[in-house]
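Tertiary structure, described
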Amino acid sequence: MSSADLTGSSRPARWGLAAKLFATLLLLGAVAVLVTGVLGYFRARDALEKAVFDQLTAARQTKARQVEAYFRTIHAELRLLATSKMVVDATREFRAAVGDLDRGSASPDLRQKVSDWYTEHVIPEMTRVLGREPALADYLPVGAAPYYLQYHYIVANPHPAERRKLLDDAGDGSDYSRLHAVYHPLMRAAAETVGFFDFMVADPTTGRLIYTVEKEVDFTTSLQAGPYRRSHVAAAVARCAATADRSAVCLEDFASYAPSSGAPIAFMAAPVIDQGAVIGVLVAQLSNEAIDTVVTGGRRWRQEGFGATGEAYLVGPDYLVRSGPRGFYENRDLYFAELKDAGASDEEIAAIQRYGSPVLHQRIDTQATRAAIGGVEGTGEIIGYRSIPTLASWGPLAVPGVRWALVA
């Protein structure tokens, strides 16, 4: 065999070995690139996820501080007002004036006019709120003073319902109206200045609301024996009437309040003390609108860093929301469709539509809300109230008197 033959036969072998070596190196390089890419992907994903959780936690903590600061401010303002000379004097004098009216009598004609007004205005509204028609007798005033004062400040009030508070003097010549003309402008201004929805004074003995700014149908009714005896305002008044502590403040969580058309209302009360004795209870009626504005950032989610779908919301120990979810405000058709898909009952959806608010009607029972109501902070991927995977940060709120969770 010649040398040329040997050379020719060895060349294919060398080329085959080189191809195998090249393919092996190429495969190893591809594997290295793939492994590096996969590791890089997971690192980037983890870093991005951490950044999102950090952002959500920062937003949640900011919202929590804002809500807590709001209640601290209301707490301080209510205590200051309850100890003011204006409120102490007004409480003492209104109690005496109501007592004088109670010792008199309301004419049959006046009683009939009040009864007719209740039939026309109150019972239809209570039917809407309760979902059934209540008995008229269950809501009519009890006693001479309530009939007399409700007639002059509600039934015969020349202003529409939402502006009844503009009446300073009913012009009936009673001591109560004389006092009302003096104190009402001051009390009305105080309520507007600090942002109370209503501002009321209760008699600690009878539980009667002897003064209110708004003059809703709870005006002069008893919180011990009347139709609102099981309301949260009755609980707040009862608690504060039992303590002669000037620093005491009694907060009751949001609940549907019939005199305010079933709107979600919270009550904060403070005892009015004179010479060491409780002579009255000052009550602030708080609408959830102020809380909703804080939690939703005035409904400016994008500007607050929540992007196209992010949000924050409050939930109470009953797992019902205390602030409206974003979808309710931005796209109601989609919001209701998602609730339906997530398994919300027809009753829940109907209640939200009837009241025009998800507050106290939409239930959010998730891993996040359960942990936060239990007092635990955390972050993680959960199945949200729309039944889709959601990145969330959660934690409890430090507001004395209520047990709320905030989820972002």
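Residues numbered from 1 in each chain as written. Predicted model: local features only at pLDDT ≥ 70, side-chain atom pairs only at ≥ 80, totals over all residues. Heavy atoms only, no water.

What follows is about the environment of Y257. The topology assignment puts Y257 in strand β3 (residues 250-257). Residue classification places Y257 among the buried residues on the basis of a relative accessible area of 3%. For Y257 and P185, which are 72 residues apart along the polypeptide, the C-alpha to C-alpha distance reads 25 Å. With sequence-adjacent residues up to four places away left out, Y257 is seen in contact with D218, S231, V233, G262, A263, I265, F267 and Q285. Among the polar contacts listed, one links the side chain of Y257 to the side chain of D218, at a separation of 2.7 Å. (Helix = DSSP H or I, 4+ residues; strand = E, 2+ residues; numbered from the N terminus. Buried < 20%, exposed > 50% of the residue type's maximum accessible area, 1.4 Å probe, protein only. Contact = heavy atoms within 4.5 Å. Polar contact = N/O pair within 3.5 Å; in protein donor to acceptor, adjacent residues only side chain to side chain.)

This paragraph deals with the state of the cysteines. In this structure the tally under the stated criterion is one disulfide. Disulfide partner of C240: C250, at an S-S distance of 2.3 Å. Every disulfide takes its handedness from the sign of the S-S torsion; for C240 and C250 that torsion is 110°, giving right-handed. With a gap of 10 residues between them, C240 in helix α6 (residues 232-241) and C250 in strand β3 connect regions that are remote in the sequence. Each member of the pair C240 and C250 is classed as buried. (Disulfide = S-S within 2.5 Å.)

By the definition in use, this model includes 23 salt bridges. Residue D89 pairs with R92 through a salt bridge whose shortest N-O separation is 3.3 Å. Residue D89 and its partner R92 are located together in helix α2 (residues 85-102), separated by three residues, close to a single helical turn. The buried category is assigned to D89, whose relative accessible area is 14%. Two residues, D102 and R208, come together in a salt bridge whose shortest N-O distance is 2.4 Å. Of this pair, D102 sits in helix α2 while R208 sits in the loop between β1 (198-202) and β2 (209-212), placing them 106 residues apart in sequence. Classification of D102 by relative accessible area gives partly exposed; the value is 30%. Residue classification places R208 among the buried positions, given a relative accessible area of 14%. (Salt bridge = Lys/Arg side-chain N within 4 Å of Asp/Glu carboxyl O.)

Running from N to C, α2 and helix α4 (residues 144-155) point in directions that differ by 105°, and their axes come no closer than 7 Å. In terms of axis orientation, α2 runs roughly perpendicular to α4. Here α2 contributes V98, L101 and D102 to the contact with α4, which in turn contributes A144, A145, P146, Y148 and L149. Residues that form the contact of α2 with α4 fall into these classes: seven nonpolar, no polar and one charged. (Axes fitted to C-alpha atoms, helices over the stretch in contact; angles between N-to-C directions. Parallel < 35°, antiparallel > 145°, perpendicular 65-115°, else oblique. Nonpolar A, V, L, I, M, F, W, Y, C, P; charged D, E, K, R; others polar.)

For the rest of this paragraph, the subject is the layout of surface pockets. Quantified by volume, the largest pocket comes out at close to 730 Å³. Lining of the largest pocket is provided by 37 residues; of these, F197, E216, S260, S261 and A263 occupy positions nearest its centre. For the lining of the largest pocket, the secondary-structure elements that each account for two or more residues are α3 (108-130), β4 (263-274), α7 (288-296) and α8 (326-330). Of the residues belonging to the lining of the largest pocket, the class tally is 16 nonpolar, 13 polar and eight charged. Taken as a whole, the second largest pocket encloses approximately 410 Å³ of empty space. Secondary-structure elements contributing two or more residues to the lining of the second largest pocket are α1 (3-82) and β8 (389-396). (1 Å grid on protein atoms, 1.4 Å probe; cavity = no way out; pocket = protein on both sides within 12 Å on 5 of 7 lines; lining within 4 Å. Points joined across faces, edges and corners; volume = space filled by probe spheres on them.)

Another point: a nonpolar patch on the surface. Taken together, the side chains of L21, L25 and L28 make up a nonpolar region of the molecular surface, amounting to roughly 320 Å² of accessible area. On the secondary structure map, L25 appears in helix α1. Looking at L25, the relative accessible area reads 52%, which means it is exposed. (Patch = residues over 30% accessible without salt bridge, like charges linked within 9 Å, V, L, I, M, F, W, Y side chains within 5 Å. Areas by Shrake-Rupley, 256 points an atom, 1.4 Å probe, with all protein chains shown as cover.)

Chain-level statistics for the protein chain give a pLDDT mean of 88 and a share of 92% at 70 or above. When the elements of the protein chain are averaged for pLDDT, α1 gives the smallest value, 74, and β2 the largest, 96. (pLDDT = per-residue confidence, 0-100.)

Next up on the list: the sheet that holds β4. Read from one edge to the other, the open sheet built from five strands follows the order β2-β1-β5-β4-β3, with strand pairing classed as antiparallel. Edge strands, defined here as strands with exactly one partner in the open sheet, are β2 and β3. Each strand of the sheet is rotated relative to its neighbour by a mean of 25°, with strand direction disregarded. One ladder, built from 10 bridges, connects β4 with strand β5 (residues 277-287); its direction is antiparallel. The residue of β5 that forms the bridge with A269 is V283. (Pairing = 2+ DSSP bridges.)

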